[in-house]
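Here's the letter readout for the chains.
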Amino acid sequence: MKDLNALMQQAQAMQARMQQAQEKMAETSAEGSSGGGLVNLTLKGPSELIALRIDPSLLADNDAEILSDLIMAAHADAKRKLDEASQTLMREAAGPMAGMNIPGMPKLF
């Protein structure tokens, strides 16, 4: 019975750490860029776009397709960085249970 109680306490502590990690992730931001820095954007939390900077030289060409591609590439760059930060935070929050494969439970990072 002591083992079950200890396991329950560990699970509760992990749940609290996961909640804290999610709260921290909501405030985390990442910047993505493309075109050698001609397009920069900042994503926050789960992917909220909070800033977009476009070099004026891209607007002079009137090429919407290139601009669209650069914006999407910058977004993908920032999203990848956010995903990496999220995985790191969640892995740290899972602690010793990270990577465990418990039957009937989803794998924790």
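Residues numbered from 1 in each chain as written. Predicted model: local features only at pLDDT ≥ 70, side-chain atom pairs only at ≥ 80, totals over all residues. Heavy atoms only, no water.

Okay, the confidence of the model for the protein chain next. As a general rule, the predicted coordinates of low-pLDDT regions are not to be interpreted in detail. Considering every residue of the protein chain, the mean pLDDT works out to 85; 86% of them sit at 70 or more. Here helix α1 (residues 2-27) stands out as the least confident element of the protein chain, with mean pLDDT 83; strand β2 (residues 39-44) is the most confident, with 96. (pLDDT = per-residue confidence, 0-100. Helix = DSSP H or I, 4+ residues; strand = E, 2+ residues; numbered from the N terminus.)

One can find A16 in helix α1. Remark: the alpha-carbon pair of A16 and A93, spanning 77 residues in sequence, is separated by 8.4 Å.

Moving on: the pairing of β2. Most of β2 is tucked away, with five of its six residues classed as buried. Across six bridges, strand β1 (residues 29-34) lies against β2 in antiparallel orientation. In the strand pairing of β2, G32 is matched with L41. Following β1, the chain reverses through four residues before pairing antiparallel with β2; G35 in that reversal takes a positive phi of roughly 65°. Here β2 pairs with strand β3 (residues 48-54) via six bridges, running antiparallel. When the sheet's bridge partners are listed, L41 is paired in β3 with L52. Counted between consecutive antiparallel strands, the loop separating β2 from β3 contains three residues, among which G45 sits at a positive phi close to 60°. (Buried < 20%, exposed > 50% of the residue type's maximum accessible area, 1.4 Å probe, protein only. Pairing = 2+ DSSP bridges.)

The next point concerns the sheet that holds β1. With antiparallel pairing, three strands are arranged side by side in an open sheet as β1-β2-β3. Among the strands making up the open sheet, the edge pair consists of β1 and β3. For this sheet the average axis-to-axis angle between neighbouring strands, irrespective of direction, equals 15°. Where helix α3 (residues 64-94) meets the sheet, its contacts fall on β1, β2 and β3, and the angle it forms with β1 comes to roughly 145°. (Axes fitted to C-alpha atoms, helices over the stretch in contact; angles between N-to-C directions. Contact = heavy atoms within 4.5 Å.)

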